[in-house]
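In case you want the letters, here they are:
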Amino acid sequence: MAIQGLNHFTVLTDDLDASVEFYRSILGLEPGARPPFAFPGAWLYCDGLPVLHLVAGRGVPDGPSIIDHVALTATDLADTIATLKARHIGYTLRRQPVSGQWQLFCHDPSGARLELDFPASEPPPASA
C-alpha cells in the first residue's frame, strides 16, 4: 500500500455551530453534503473535497491527545492575521529557518490545534 495523500481529519466538538463558523469564516472551508449519520456533525469542503469532518454529541476528551496538531496549506497571511485579531483568537507566528515558510498556530473553538502554513514569498505581517 502506498499513501497518496490526506483524505480528511475529524474534530470532536461540543459546539457544532461555533466550530462550523470558525472553519468557514476563518479558514474559508465550505459546509457541504454529509451522509445522514445517526449523530450530529458537519462536513466542510475545500476545492470540492470534504477535508474536515466535525462530530458533535460524543464529548470532547479531557487531557492530551496523541495528535498534536493538523497542518493546512494556506494563503494570505496578512488577511488571516487580521481576521484572527478581529475575532480575538490568539495565535503564534514563526518562520521556518531554512525554507522561510510562515507557520501560524491557533486553536479552534473545541481546542484543536491548527498549523496554517503560508508560502515564504508572502511578506511579513505589519504587526504580528
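Nothing here was measured: the structure is a model prediction, and the numbers come from that model.

## Brief notes about the state of the cysteines
Note on terminology: disulfide describes a covalent bond linking the sulfur atoms of two cysteines.
Line of reasoning, step 1. Going through the model one piece at a time under the given rule, you end up with zero disulfides.
Line of reasoning, step 2. No disulfide involves Cys46; its sulfur sits 16 Å from that of Cys106, the nearest cysteine.
Line of reasoning, step 3. Of the residues examined, Cys46 reaches a relative accessible area of 36% and is grouped as partly exposed.
Line of reasoning, step 4. The exposure class assigned to Cys106 is buried, which follows from its relative accessible area of 1%.

## Quick word on the sheet that holds strand β3 (residues 41-46)
Line of reasoning, step 1. The four strands are arranged β1-β4-β3-β2 in an open sheet whose pairing can be described as mixed. Pairing within the sheet leaves two strands with one partner each, and these edge strands are β1 (9-13) and β2 (30-32). For this sheet, the mean inter-axis angle between neighbouring strands, taken without regard to orientation, is 35 degrees.
Line of reasoning, step 2. As paired strands, β1 and strand β4 (residues 49-56) are joined by five bridges and run parallel to one another. For Leu12, the partnering residue across the bridge sits in β4 and is Val55.

## Considerations on helix α2 (residues 77-86)
Line of reasoning, step 1. If you check which residues of α2 are buried, you get Leu77, Thr80, Ile81, Thr83 and Leu84. Looking straight down α2, one finds that the buried residues subtend no more than 160 degrees of arc, so they occupy a single side.
Line of reasoning, step 2. Where α2 is buried, its residues meet α1 (16-25), β6 (91-95), β7 (102-107) and β8 (113-118).
Line of reasoning, step 3. His88, located one to two residues past α2, shows a positive phi value of around 55 degrees.

## Considerations on α1
Structurally, the α-helix is built with 3.6 residues per turn, so residues lying three or four positions apart point the same way.
Line of reasoning, step 1. Looking only at α1, the buried set comprises Ser19, Val20, Phe22 and Tyr23. Seen end-on, α1 carries its buried residues on one side only, within an arc spanning 160 degrees.
Line of reasoning, step 2. Contacts from the buried residues of α1 go to β1, β2, β3, β4, β7 and β8.

## Considering the nonpolar core
Line of reasoning, step 1. Counting 25 residues, the largest nonpolar core has Tyr23, Leu52, Leu54 and Leu104 as the members making the most contacts within it.
Line of reasoning, step 2. Those elements giving two or more residues to this core turn out to be β1, α1, β3, β4, β5 (70-73), α2, β7 and β8.
Line of reasoning, step 3. With residues up to four places along the chain from it excluded, the contact list for Leu104 reads Leu77, Thr80, Ile81, Leu84, Tyr91, Thr92, Leu93, Leu114, Glu115, Leu116 and Phe118.

Analysis parameters
- Residues numbered from 1 in each chain as written.
- Predicted model: local features only at pLDDT ≥ 70, side-chain atom pairs only at ≥ 80, totals over all residues.
- Heavy atoms only, no water.
- Disulfide = S-S within 2.5 Å.
- Buried < 20%, exposed > 50% of the residue type's maximum accessible area, 1.4 Å probe, protein only.
- Pairing = 2+ DSSP bridges.
- Helix = DSSP H or I, 4+ residues; strand = E, 2+ residues; numbered from the N terminus.
- Axes fitted to C-alpha atoms, helices over the stretch in contact; angles between N-to-C directions.
- Arc of directions from axis to C-beta.
- Contact = heavy atoms within 4.5 Å.
- Core = buried A, V, L, I, M, F, W, Y, C linked by side-chain atoms within 4.5 Å.

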